[in-house]
Amino acid sequence: MTFMNVSIENEFVGSLPADPIQENYLRQVRGACYSFVEPSRAGKPQLLAYSSELAKSLGFSKTDCESSNFLDVFAGNSLLEGMKPFAMCYGGHQFGNWAGQLGDGRAITLGELIDKEGNRQALQLKGAGKTPYSRSADGLAVLRSSLREYVCSEAMHYLGVPTTRALTLVATGDAVIRDILYDGHPAPEPGAIVCRVSPSFVRFGNFEICVAQRDVKLLKQLTDYTISSDFSALEKLEEPQKYIAWFEEVLNRTIEMIVHWMRVGFVHGVMNTDNMSILGLTIDYGPYGWLEDYDPDWTPNTTDAATRRYRYGQQPWVAQWNLLQLANAIVPLIGETKPLEDALNRFPATYQERWEKTVRDKLGLTELGSKETPLINELESVLKLTETDMTLFFRELANLDILATISSEDPTHEIEPVFYEPASISAKQREQLNLWLRNYATLVKHQNQNRDDRVKRMNSTNPLYVPRNYLAQLAIDEIEKGNLQYLDEWMSVLKHPYTEQRGKEDFAAKRPEWARTRVGCSMLSCSS
Ligand code: AMP
Ligand code: MG
């Protein structure tokens, strides 16, 4: 089979030790970073969507993408020349507890290619069948969860959030049995596979499993490989300085990623250490969600409902905790804990500084001094006064007429569409909102900046179109009926999330009442 301009590489496989067993059965793997495994066959595959720009950057032409060969490869039914598919071995802390070996239970990396910019990109199928790491599960994914991963990873990319990408969404034509509410009512659902794309799929858990197995040799091999492949600027440093600098870099990238999540209102939902990318990319879109009404205590994951460990407002601190687990795993490479502790101790201040700058941009302010601090500190309580749509709030703030707001009796009225139940706002709440809005406008006036500059800065920090939970459900409903057009239209809107697009108002609309309690819109379960 020939694809023009595409040549497969296997740097990961070529550089790191493989599990010597080639048969596909469940096992504990030792002394290896991965196991070779072939994808399972899809019965009647159909290409539901693909990311044309990503495909192009990977060297696939439009003709390639529309060929049956392309479909076969991304359905797991055939391999391109040179592909040596494998599943990775990793462990992880799940919900705060060490879970032992996890591994790619339903992900199979096909190989790597060099993109148009000269960067290595691995192609990975998710939902293409069992691997040695599937534990008690089936290695498959259902259409609703694959569509959600496809949409959100591409949307995040266009929002400017570090993320893995999605190349294809393929329906397998096979049924997958799932108990959607975990209440003893399993039912067949359509299966699907996403092809994810990332320079690396290595997670914190890949390092943790080495140390759990007391295999320092493997730990060093994996770390040296990761540094030379993905952090090459650090490669020349002396040991152990190299490992310390690398940890600091991972920490900084993780902070950067979390700041972006908080900026756009993304809640990952299952921030276990096996779901933390070593590159600081958002990875493993499962029971994630988007803040609709601003509620820092919200978690979209039903499995997380009891303790809310992965709620929106907690994400920075969970990231820090996860970094602590990574630090613990790499201590043997450094021989002391102090440099890692020092780096971890800098997390809160570094995060806070990055976050304050982001809030400043979200509010369109030019300065961050003693006048601005109280306004910023009050922002969260103002957003929580009544059900307020986070995304629309910041867009409406940009639209405010500053002088009119300062002298208005009731500036809250001007932004009424951002509230879910404006009629229920009490006189006291309205008074607080009005006060904050007037203070905000006064500060903006005082900063004396050009209106257009302020609006531009705000509207390039605050997206208008995010993949709202209920819109994903509408896309799923449509695709299950065989209508691919809704997804297609939505994806093209999500490519320009900061630009108001005429006729596309429905994709920016706040959650309708029917979606408040519908499964899939307000809450999701973990492994689907
Ligand atoms: P998650 O928390 O969804 O990232 O999954 C945790 C672990 O369970 C990972 O090792 C996954 O590969 C594995 N897993 C999740 N769903 C499935 C599935 N349907 N089949 C096999 N393994 C799975
Ligand atoms: Mg995972």
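Please refer to the structure placed before this passage.
Treat the numbers as computed from the prediction; the structure is a model and nothing was measured.

Description of the layout of surface pockets
As a volume, the second largest pocket reaches approximately 550 Å³. In terms of lining, the second largest pocket is formed by 28 residues, of which the most central are Asp115, Glu117, Asn119, Gln121 and Pro199. If you list the elements that add at least two residues to the lining of the second largest pocket, you get helix H2 (52-58), strand S7 (120-126), helix H5 (143-159), strand S9 (187-198) and helix H7 (216-230). When residues in the lining of the second largest pocket are grouped by element, the largest group, four residues, is from H2. Here the residues of the lining of the second largest pocket are counted per class, giving ten nonpolar, ten polar and eight charged.

Notes on the coordination of the magnesium ion (ligand 2)
Looking at the metal site, the magnesium ion (ligand 2) is ligated by Asn275 (OD1) and Asp284 (OD), spaced 1.9 to 2.2 Å from it. This pair shows no difference in class: Asn275 is buried, exactly as Asp284 is.

As for helix H12 (residues 372-384)
Compared with the 18 Å implied by 1.5 Å per residue over 13 residues, the 19 Å span of H12 between its first and last C-alpha is a close match. Within H12, the axis deviates most sharply at Glu378, by approximately 35°. Its buried side turned inward, H12 meets helix H11 (347-363), helix H13 (390-399) and helix H16 (427-447).

Brief notes about the packing of H5 against helix H18 (residues 469-480)
Following both chains from N to C, one finds H5 and H18 inclined at 125°, their axes separated by 10 Å at the closest point. Of the possible angle classes, the one that applies to H5 and H18 is oblique. Viewed along their axes, H5 and H18 form a crossing whose handedness is right-handed. Across the interface between the two elements, Leu143, Arg144, Leu147 and Arg148 of H5 pack against Ala472, Ala475, Ile476, Ile479 and Glu480 of H18. Classifying every residue of the contact of H5 with H18 by side-chain character gives six nonpolar, no polar and three charged.

Comments concerning helix H19 (residues 485-494)
Those residues of H19 that fall on the buried side of the exposure criterion are Tyr486, Leu487, Trp490, Met491, Val493 and Leu494. Projected down its long axis, H19 shows its buried positions confined to an angular sector of 160°, all on one face. Facing away from the buried side of H19 by over 90 degrees, the exposed positions are Gln485 and Asp488. The inward-facing, buried residues of H19 abut strand S2 (46-50), H5, strand S8 (165-178) and H18.

Observations regarding the site of ligand 1
Around ligand 1 lies a shell of 19 residues, among which Gly103, Gly105, Arg135, Gly139 and Asn275 are the nearest. In the model, an oxygen atom of ligand 1 is placed 2.8 Å from a nitrogen or oxygen of the Gly105 main chain. Gly139 places a polar main-chain atom, nitrogen or oxygen, 2.7 Å from a nitrogen atom of ligand 1. If ligand 1 stood free it would expose 480 Å²; the protein chains cover 90% of that surface. Partitioning the shell around ligand 1 into residue classes produces five nonpolar, seven polar and seven charged.

What to know about the packing of H7 against helix H8 (residues 241-264)
The geometry of H7 relative to H8 is characterised by a closest axis approach of 11 Å and an angle of 65° between their N-to-C directions. When the axes of H7 and H8 are compared, the crossing they make is left-handed. Of the residues in H8, those touching H7 at Lys220, Thr223, Asp224, Thr226, Ile227 and Asp230 are Lys242, Tyr243, Trp246 and Arg253.

Let's talk about the packing of aromatic side chains
A complete count under the given rule lists 26 aromatic pairs for this structure. Between Phe393 and Phe394, the aromatic rings sit 5.3 Å apart at their centres with planes inclined by 90°, giving edge-to-face as the arrangement. Pair check on accessibility: Phe393 and Phe394 agree, each one buried. Pairing Tyr470 with Trp514 gives two aromatic rings, centres 6.0 Å apart and planes at 85°, and the pair type is edge-to-face.

Conventions adopted
Residues numbered from 1 in each chain as written. Chains lettered and ligands numbered in written order. Predicted model: local features only at pLDDT ≥ 70, side-chain atom pairs only at ≥ 80, totals over all residues. Heavy atoms only, no water. 1 Å grid on protein atoms, 1.4 Å probe; cavity = no way out; pocket = protein on both sides within 12 Å on 5 of 7 lines; lining within 4 Å. Points joined across faces, edges and corners; volume = space filled by probe spheres on them. Helix = DSSP H or I, 4+ residues; strand = E, 2+ residues; numbered from the N terminus. Nonpolar A, V, L, I, M, F, W, Y, C, P; charged D, E, K, R; others polar. Donors = N, O, S within 2.8 Å, 3.2 Å for Na, K, Ca; no water. Buried < 20%, exposed > 50% of the residue type's maximum accessible area, 1.4 Å probe, protein only. Expected span 1.5 Å × (residues − 1). Bend = angle between axes of the 7 residues up to and from the residue. Contact = heavy atoms within 4.5 Å. Axes fitted to C-alpha atoms, helices over the stretch in contact; angles between N-to-C directions. Parallel < 35°, antiparallel > 145°, perpendicular 65-115°, else oblique. Left-handed = near helix turned anticlockwise from the far one by under 90°. Arc of directions from axis to C-beta. Near = heavy atom within 4 Å. Polar contact = N/O pair within 3.5 Å; in protein donor to acceptor, adjacent residues only side chain to side chain. Areas by Shrake-Rupley, 256 points an atom, 1.4 Å probe, with all protein chains shown as cover. Phe/Tyr/Trp six-rings, centres within 6.5 Å; stacked < 30°, edge-to-face > 60°.

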